[in-house]
Amino acid sequence: MSGKEQVFIRRRIEFVAGLLALGVLLLAVRVVDLQWLQSDRLSDMAEKQRYREYTTQAPRGPILDHKGRVLAESVETPSIAAIGDEVPAASIPGLARALGMSSHRLKKKLHGRKGFVWLARQISPARAEKVMAMNIPGVRRETEWRRYQPLGPVTGHLLGFVGIDGKGLEGIERSWNTQLSGEAGIRQVRRDARGHSLPGGVWLREPTPGKAFRLTLDASIQSIAYAALAEGVKEQQAKGGSVVVMRPSDGAVLAMVNWPGYNPNNFRDFHPGEWRNRAITDVFEPGSTMKPFTIAAALQSGRWQPDSRVFCENGAMRVADYTIHDDHKEGWLDLTGILAHSSNIGAAKLAMDVGAADMYNMLSRVGFGSRTGSGLSGESPGIVLSPERWGPVETANIAFGQGIAVTPLQLAAAFSVIANKGVYTAPRLVADQAKKQKRVMPASIAAEVLTMLEFATSSDGTGKYAVPAGYRIGGKTGTAQKPGPHGSYSKHKYMAVFAGIAPINDPQVVIVVMVDEPQKSIYGGQVAAPIFRHIAESALPYLGVSARIEDQTAWRKMAIAAEEPAFDGTSLSGMSMREVRRFAAQRGLRLHVHGSGWVQRYKPAAPLALQQGDALEVWLND
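Just so we're clear, the structure is a prediction, and the values are computed from it rather than from any experiment.

**Section: the overall build of the chain**
And step 1. Along its length, the chain carries 20 helices and 22 strands.
And step 2. Of the contacts made within the chain by residues no fewer than 6 positions apart, 70% connect residues no fewer than 24 positions apart.
And step 3. For the chain, the exposed area adds up to about 29900 Å²; of that, 52% sits on carbon and sulfur atoms.

**Points about unusual backbone geometry**
And step 1. Cis geometry marks the peptide bond from tryptophan 259 to proline 260, where omega comes out at 0°.
And step 2. Looking at the secondary structure, you find proline 260 in the loop between β10 (253-259) and α10 (278-281).
And step 3. The residue after alanine 502, namely proline 503, is reached through a cis peptide bond having omega -20°.
And step 4. Checked against the element boundaries, proline 503 lands in the loop between β18 (489-502) and β19 (509-516).
And step 5. Its identity as a non-glycine residue notwithstanding, glutamine 237 has a phi of 55°, on the positive side.
And step 6. Residue class for glutamine 237 comes out exposed when judged on its relative accessible area of 52%.
And step 7. One non-glycine residue, lysine 421, lies in the positive phi region at around 60°.
And step 8. Secondary-structure assignment places lysine 421 in the loop between α16 (408-419) and β15 (423-425).

**A few points about helix α15 (residues 392-399)**
And step 1. Among the eight residues that make up α15, six are buried, leaving the element largely enclosed by the rest of the structure.
And step 2. Inspection of α15 places Val393, Thr395, Ala396, Asn397, Ile398 and Ala399 among the buried residues, and these make up the whole buried set.
And step 3. In this structure, the buried side of α15 is in contact with α11 (291-301), β12 (316-319), β13 (322-325), α13 (344-354) and α14 (356-365).
And step 4. At the exit of α15 stands glycine 401, carrying a positive phi of roughly 85°.

**A word on the nonpolar core**
And step 1. Counting residues in hydrophobic clusters, the biggest one holds 79 residues, and the most contacted among them are Ile172, Met256, Phe293, Val366, Phe368, Leu411 and Met441.
And step 2. A per-element tally of this core places α16 first, with nine residues.
And step 3. With near-sequence residues (within four places) excluded, phenylalanine 368 lies in contact with Met290, Phe293, Leu363, Val384, Val406, Gln410, Leu411 and Ala414.
And step 4. Of all hydrophobic cores here, the second largest spans 36 residues; its members include Ala230, Val233, Ala238 and Leu540.

**Some remarks on the sheet that holds strand β17 (residues 474-483)**
And step 1. With respect to topology, five strands assemble into an open sheet ordered β10-β9-β19-β18-β17, the strand pairing being antiparallel. Two strands bound the open sheet, and with one partner strand each, they are β10 and β17. With direction set aside, neighbouring strand axes in the sheet form an average angle of 10°.
And step 2. Two elements, β18 and β19, share eight bridges in a ladder whose sense is antiparallel. Counted as the bridge partner of alanine 499 is valine 512 from β19.
And step 3. On top of the sheet, helix α9 (residues 219-236) reaches β9 (240-246), β10 and β19; it is set at about 30° to β10, its chief contact.

**Remarks on a nonpolar patch on the surface**
And step 1. Residues Phe15, Val16, Leu19 and Leu20 make up a contiguous nonpolar surface patch of about 420 Å² in total accessible area.
And step 2. You can see valine 16 is positioned in helix α1 (residues 3-37).
And step 3. With a relative accessible area of 44%, valine 16 lands in the partly exposed category.

**Quick notes on α11**
And step 1. With nine of 11 residues buried, α11 is to be regarded as a mostly interior element.
And step 2. Burial in α11 covers these residues: Lys291, Pro292, Phe293, Thr294, Ile295, Ala296, Ala297, Ala298 and Leu299.
And step 3. Among the residues trailing α11, glycine 302 stands out with phi positive, at a value near 85°.

**Observations concerning the pattern of salt bridges**
And step 1. Inspection of every chain in the model, using the stated rule, returns 13 salt bridges.
And step 2. When the shortest N-O distance is used, the salt bridge between aspartate 516 and lysine 482 registers 2.9 Å. Taken together, the residues aspartate 516 in strand β19 and lysine 482 in strand β17 connect sequence positions 34 residues apart. With respect to burial, aspartate 516 and lysine 482 carry one shared label: buried.
And step 3. When salt bridges with common partners are traced through the structure, they connect Arg60, Arg147 and Glu173 into a single cluster.

**Observations regarding the side chain of asparagine 344**
And step 1. Position of asparagine 344 among the secondary structure elements: in helix α13.
And step 2. Given the relative accessible area of 17%, asparagine 344 is considered buried.
And step 3. Once residues within four sequence positions are removed from consideration, asparagine 344 is found in contact with Ser288, Lys291, Ile324, His325, Asp326 and Phe400.

**Quick look at the packing of aromatic side chains**
And step 1. Counted by the stated rule, this structure contains 12 aromatic pairs.
And step 2. Ring centres of phenylalanine 161 and phenylalanine 267 lie 3.9 Å apart, and the angle between their planes is 10°; this geometry places the pair in the stacked category. Note that phenylalanine 161 is positioned in the loop between α6 (153-159) and α7 (171-175) and phenylalanine 267 in the loop between β10 and α10, a separation of 106 residues in sequence. As far as the burial class goes, phenylalanine 161 and phenylalanine 267 line up, both buried.
And step 3. Taking the centre distance of 5.8 Å and the plane angle of 75° together, the rings of phenylalanine 267 and tryptophan 275 count as edge-to-face.
And step 4. The class of tryptophan 275 is buried, set by a relative accessible area of 16%.
And step 5. Put simply, the rings of Phe161, Tyr262, Phe267, Phe270 and Trp275 touch in pairs and so form one group of aromatic residues.
And step 6. Lying across the ring of tryptophan 118, arginine 121 places its NZ or CZ 4.6 Å from the centre.
And step 7. Its end group placed over the ring of tryptophan 332, arginine 309 keeps NZ or CZ at 4.8 Å from the ring centre.

What counts and what doesn't
- Residues numbered from 1 in each chain as written.
- Predicted model: local features only at pLDDT ≥ 70, side-chain atom pairs only at ≥ 80, totals over all residues.
- Heavy atoms only, no water.
- Helix = DSSP H or I, 4+ residues; strand = E, 2+ residues; numbered from the N terminus.
- Contact = heavy atoms within 4.5 Å.
- Areas by Shrake-Rupley, 256 points an atom, 1.4 Å probe, with all protein chains shown as cover.
- Buried < 20%, exposed > 50% of the residue type's maximum accessible area, 1.4 Å probe, protein only.
- Core = buried A, V, L, I, M, F, W, Y, C linked by side-chain atoms within 4.5 Å.
- Pairing = 2+ DSSP bridges.
- Axes fitted to C-alpha atoms, helices over the stretch in contact; angles between N-to-C directions.
- Patch = residues over 30% accessible without salt bridge, like charges linked within 9 Å, V, L, I, M, F, W, Y side chains within 5 Å.
- Salt bridge = Lys/Arg side-chain N within 4 Å of Asp/Glu carboxyl O.
- Phe/Tyr/Trp six-rings, centres within 6.5 Å; stacked < 30°, edge-to-face > 60°.
- Lys NZ or Arg CZ within 6 Å of the ring centre and 35° of its normal.

Spelled out as structure tokens, the structure:
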């Protein structure tokens with residue numbers, strides 16, 4: 001072998017040896033890299049292949065009424081899930097039938113999914129057992145939480161509902177979602193070498209339930225109001241209605257209902273338009289329920305007194321190019337008579353005398369034109385134009401509740417000012433919510449308006465059908481035409497309203513009733529007032545306010561026999577207005593005067609039997 005060949009062979013051997021040495025070196029470097037440098041990362045990858053983590057919902061906190069009765073709670077419900085690539089294709093038709101869905105839909109859910117996938121959520125226990133009895137690989141049963149409201153439609157609009165992901169979507173469930181939500185849990189399950197999930201698992205973090213949430217609501221009064229409203233709306237063949245029951249002393253909302261209702265436990269079966277809480281979202285023209293605040297503004301001006309008289313133009317009055325009408329032709333009425341007989345003309349004259357600025361200030365102070373601060377999402381502020389936009393016609397119209405729009409909750413809060421001696425208390429829905437109060441009206445004026453409201457529910461007042469037997473109440477009816485689509489008022493669509501305070505001597509509740517488009521009658525006194533009565537006659541005894549039903553005939557006869565006449569004669573007939581006022585003042589009577597001149601008739605027929613605080617009503621004629 002030549003020297004050249006030996007050199008060539010040696011170099012080939014050295015080259016191969018070098019390659020082998022390099023390979024060994026690379027292997028050593030790789031070993032160091034895998035064993036030391038990438039040890040943590042590879043361990044994490046291995047763990048991830050062996051284990052899988054997933055998040056589980058936490059139960060929401062229960063919603064309770066002020067007595068601790070459950071209004072909404074979370075209940076365990078089964079759901080069916082799967083590891084997508086573990087479900088045998090041959091099992092899909094049978095699994096689809098068990099789940100109550102088509103094979104096509106199930107295939108679509110599983111197609112291309114290798115990990116966790118929901119197949120059917122929040123199903124019945126019986127269906128879940130049927131599915132699991134098939135023992136299909138990759139199919140598993142999970143536990144979720146479903147929201148349940150025991151009273152269903154009775155509380156549906158107020159409480160709202162929760163979506164399948166456990167988040168509040170409407171009502172209190174939405175507005176206080178953060179407070180009601182718990183903390184989700186994290187669960188870990190093991191997988192085999194092929195990636196298939198093994199039974200069991202461990203909690204890395206157990207779910208934490210949400211805290212209980214207590215409302216001012218009373219479940220019994222809520223049910224009473226809902227039943228009375230439903231009956232009244234059906235009786236009148238109306239489109240719908242709303243009721244708010246509020247405690248004036250602290251603003252606690254005891255009931256808030258709408259009809260027609262919807263069942264929040266099956267909210268998907270209803271149109272989204274049926275979900276809204278119309279007691280706070282929908283505005284309406286309040287009609288004559290605005291007159292107490294017109295009278296309060298007149299009294300506060302200092303130019304008017306309760307016995308001041310207004311000529312009501314015998315039923316028709318021209319303001320600019322607009323004619324105001326009264327349903328009943330009236331001549332002279334004092335302020336109580338304007339309220340009791342619901343004179344639009346009398347209210348309009350008072351407002352035009354007071355002026356737009358002072359009227360606007362009164363309406364703003366009692367809460368019209370701004371949200372109540374209830375905390376519910378979607379609440380409307382209502383509509384109150386700035387006083388710069390009030391001409392004579394607008395001022396006159398607003399005085400009797402046209403050209404202004406309010407919600408039932410706003411109207412309840414405003415009437416609570418009268419019941420609460422002139423103090424405005426913001427409505428509260430949450431039991432531990434701070435009470436917000438401010439004086440907006442002198443106590444003396446609130447007391448005078450409250451007395452007038454009682455006359456409005458007398459036998460001659462428009463609200464006589466609102467009075468429950470054995471109770472003294474005060475309230476005001478309202479009948480308003482609904483605005484049409486082009487700015488004019490409809491001739492066939494009305495809102496019937498009654499807002500009242502009970503009992504008058506110690507106000508415990510303010511109740512506002514609104515009925516939308518009644519068909520048998522349009523008047524608040526005939527449509528909304530009876531609903532108020534039905535609610536009050538059940539709610540007041542429940543609240544511990546007893547009725548006082550007495551046969552007054554005997555004691556009145558005794559009083560007549562024992563009392564020495566204070567004037568000559570046996571009748572008030574023919575007395576002048578000054579003499580009647582002196583007679584009432586001497587005995588501490590609440591006097592309500594119609595007309596002017598001399599007494600023509602009066603009631604009760606035995607005025608000497610009246611005691612201090614009783615009512616005397618007289619009609620005078622020139």
